[in-house]
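Chain by chain, the residues:
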Amino acid sequence: MKICTLLFFSFLGLGLTVPIERATPKKEEEPPPPEQTDTGLYYDRYLREVIDVLETDGHFREKLQAANADDIKSGKLSKELDFVSHNVRTKLDELKRQEVSRLRMLIKAKMDATMEENVQIDHMSLLKQFEHLDPQNQHTFEARDLELLIQAATKDLENYDAARHEEFKRYEMMKEHERREYLKSLDEEKRKMEEAHYEEMKKKHREHPKVNVPGSMDQLKEVWEETDGLDPNEFNPKTFFKLHDTNGDGVLDEQELEALFTKELEKVYDPKNEEDDMVEMEEERLRMREHVMKNVDTNQDRLVTLDEFLKSTERKEFNEADGWETVDETQIYTEEELRRFEQELSAQESALNQRAEELRKEHEQLQQQQIELNAQKKEYHQAVLQMEQKKAQQTGAEAAAGPNGELKFQPEAPHAESENAKAVEEQPKPVEQQQKTEVHPGAPGEADHQVGQKEPEVPHSQGQDQQAHPGQS
């Protein structure tokens, strides 16, 4: 990480003793830029981009080089923003607009997850919860933005390590809580076996070489010999400092310091061992770095300069340091803290169970409503089918009737007519027709002649006379 990035954004001592301007080596000999470590801040990218742009302005670089921590904390350095080039200001304006847009998206996502739809959101008021920029002016980057960014980064970075320690404590308490709950579920014999195995693992974990105090003569000489491959009798603090200032910025930052503790950590932690916890190893690394910063970083700017490093090697403690007390040898929490933690877990579990029961009842209600809706849907479907059938029957009846309601017969096919005629002949004749045949017998030929011929119509008057005088035949 760049010196300006760490110094500026940590707010921690930009009394730079190392000049920023350095001779630029040839392009083919220029080493690749070191990978920057995330600060853990939610605005980490914005912070880095702002400092990268500011470093391109010569005037601001000069003021930054001459400034001290008090100038930065008081906001004096922020006023120098008024004198940077127009091109730099334009880039800063664009960075701020992008950051405001990103925050608005975060706000919207949060609101969508917790609020109903079509709810009007006051972005202006919600943006005020972000302390690293001025929400009153959302389009340009001003001196106030730089001042707020520095203040926010300083406060957040100072609290970052404390938050990590608290997170680790909760992790350890959760691990112990789960172990005790597991033991309760076992019978007496298995419980004794499990406790014996637990004590064996603890004992095995503690069987490791002596861990040197971070930043002591023994610890640095071990790195000098095993990592650097140099003669421990020729240990030189100044040479050691330059060897481990990997980015060549004249200071040892937090990441460069933590790299010095790798050999010590490997004495205690191995990912292949059941008894070694890698989460504890990271906590160990953090504790070692804080120890060095506390005893070597005299101006508390989270950076170790060459002068601070050399002075630390002259102290009595540098040569007479005892062994380092590891995490497993340190009391991380008390029984009272564990009890409160378990009560908190119990309350959370109770709340979750209650919510789960509510959700279960809601699910059952929804299922019942679905059953009722399916039944109604089935009834409606049957009613629609009945209406369609009734409509089809009415349409067929209307098609078979005439305009005045008389029946209409559709013409039949020829083969159907012959079959109908044959059926008529086979049917028995009515009684009256039989009697008529008996009263008026005729010759066979005459009968055949009458078949298929139409009888002559009788005049109306003749018919009446026959009815009036039935005796005249």
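Small disclaimer: the values here were computed from a predicted structure and weren't measured. (Residues numbered from 1 in each chain as written. Predicted model: local features only at pLDDT ≥ 70, side-chain atom pairs only at ≥ 80, totals over all residues. Heavy atoms only, no water.)

Asker: How do you make sense of the overall build of the chain when you look at a structure like this?
Answerer: From N to C terminus, the chain includes 20 helices and 2 strands. Across the 473 residues of the chain, 32% fall into the buried class. Surface accessibility of the chain: about 32,200 Å² in total, with carbon and sulfur atoms responsible for 51%. (Helix = DSSP H or I, 4+ residues; strand = E, 2+ residues; numbered from the N terminus. Buried < 20%, exposed > 50% of the residue type's maximum accessible area, 1.4 Å probe, protein only. Areas by Shrake-Rupley, 256 points an atom, 1.4 Å probe, with all protein chains shown as cover.)

Asker: I keep staring at the UniProt feature "domain: EF-hand" (unreviewed entry) in the chain and nothing clicks. Help me out?
Answerer: The UniProt record annotates "domain: EF-hand" (unreviewed entry) at residues 232–267. Here residues 232–267 runs as 56% helix and 6% strand, with 19 Å between its end C-alpha atoms. (UniProt positions renumbered as here; feature names shortened; annotations may be inferred.)

Asker: Looking at this model, I keep getting lost on the packing of aromatic side chains. Mind explaining?
Answerer: Aromatic ring pairs are described here by two measures, namely the spacing of the ring centres and the angle between the planes. Taken as a whole and assessed by the stated rule, the structure comprises 5 aromatic pairs. Cluster of aromatic residues (ring-pair linked, three or more members): Trp224, Phe235, Phe240, Phe241 and Phe309. Lying over the aromatic face of Tyr198, Arg179 brings its terminal NZ or CZ to 4.0 Å of the ring centre. (Phe/Tyr/Trp six-rings, centres within 6.5 Å; stacked < 30°, edge-to-face > 60°. Lys NZ or Arg CZ within 6 Å of the ring centre and 35° of its normal.)

Asker: Is there a simple way to think about the side chain of His205 in this case?
Answerer: Mapped onto the secondary structure, His205 falls in helix α8 (residues 188–206). On the basis of relative accessibility, which here comes to 5%, the residue His205 falls in the buried class.

Asker: Honestly, the confidence of the model for the chain in this entry has me stumped. Any pointers?
Answerer: Do not read the fine detail of predicted coordinates wherever pLDDT is low. Residues at a pLDDT of 70 or more form 69% of the chain, whose mean pLDDT is 77. Across the chain, element-level confidence peaks in α8 with a mean pLDDT of 94 and bottoms out in helix α1 (residues 3–10) with 42. Within the model, the stretch residues 1–34 combines pLDDT values under 50 with 89 contacts to residues more than four positions away or in other chains. (pLDDT = per-residue confidence, 0-100. Contact = heavy atoms within 4.5 Å.)

Asker: Got a minute to help me understand helix α13 (residues 278–296) in this structure?
Answerer: Residue pairs three or four apart in sequence face the same way in an α-helix, which turns once every 3.6 residues. With 19 residues, α13 should reach 27 Å at 1.5 Å per residue; the first-to-last C-alpha distance of 27 Å fits that figure. All buried positions along α13 are accounted for by Glu280, Met281, Glu283, Glu284, Arg285, Leu286, Arg287, Met288, Arg289, Val292, Met293 and Val296. For α13, the elements touching its buried residues are α7 (143–184), α8, α11 (254–259), α12 (262–268), β2 (304–305) and α14 (306–312). Measuring from the backbone nitrogen of Val279 back to the side-chain oxygen at the start of α13 gives 2.9 Å, which picks out Asp277 as the cap. (Expected span 1.5 Å × (residues − 1). Polar contact = N/O pair within 3.5 Å; in protein donor to acceptor, adjacent residues only side chain to side chain.)

Asker: Looking at this structure, I do not really get the pattern of salt bridges. What am I missing?
Answerer: Side-chain pairs of opposite charge can arise whenever the charged atoms involved come near each other. Summed over the entire model, instances satisfying the criterion amount to 33 salt bridges. Across the pair Arg45 and Glu49 runs a salt bridge, and its minimum N-O distance is 3.1 Å. Within this pair, Arg45 and its partner Glu49 are both found in helix α2 (residues 44–54), separated by 4 residues, close to a single helical turn. The exposed category is assigned to Arg45, whose relative accessible area is 64%. Judged by its relative accessible area of 25%, Glu49 falls in the partly exposed class. Three or more residues joined by partner-sharing salt bridges are found here, namely Asp161, Glu254, Glu258 and Arg289. (Salt bridge = Lys/Arg side-chain N within 4 Å of Asp/Glu carboxyl O.)

Asker: Just checking my understanding: could you explain the packing of α2 against α7 for this structure?
Answerer: A pair of packed helices can be characterised by two numbers: the angle between their axes and the separation between those axes. α7 packs onto α2 with a crossing angle of 130 degrees between their chain directions and a minimal axis gap of 12 Å. Classified by the angle between their axes, α2 and α7 sit oblique to one another. For the crossing formed where α2 meets α7, the hand is left-handed. Contacts between α2 and α7 pair Tyr46, Leu47, Val50 and Leu54 from the former with Leu146, Leu149 and Ala153 from the latter. Looking at the contact of α2 with α7, its residues break down into 7 nonpolar, no polar and no charged. (Axes fitted to C-alpha atoms, helices over the stretch in contact; angles between N-to-C directions. Parallel < 35°, antiparallel > 145°, perpendicular 65-115°, else oblique. Left-handed = near helix turned anticlockwise from the far one by under 90°. Nonpolar A, V, L, I, M, F, W, Y, C, P; charged D, E, K, R; others polar.)

Asker: For this particular structure, what's the right way to read empty space enclosed by the protein?
Answerer: Using a probe with the size of a water molecule, rolled over the atoms, empty space left in the structure can be pinpointed. Summed over all chains, the structure comprises 1 cavity of 30 Å³ or more. As a volume, the largest cavity reaches approximately 80 Å³. Gly215, Gln219, Leu220, Leu257, Leu260, Phe261, Val292, Val296, Phe309 and Ser312 together form the lining of the largest cavity. For the lining of the largest cavity, the elements supplying multiple residues, two or more each, are α9 (217–227), α13 and α14. (1 Å grid on protein atoms, 1.4 Å probe; cavity = no way out; pocket = protein on both sides within 12 Å on 5 of 7 lines; lining within 4 Å. Points joined across faces, edges and corners; volume = space filled by probe spheres on them.)

Asker: What am I meant to see in the environment of Leu265 here?
Answerer: Its location among the elements puts Leu265 in helix α12. In this structure the C-alpha to C-alpha distance between Leu265 and Arg285, which are 20 residues apart in sequence, comes to 7.4 Å. Not counting residues within four places of it along the chain, the set of residues in contact with Leu265 comprises Met281, Glu284, Arg285 and Met288.

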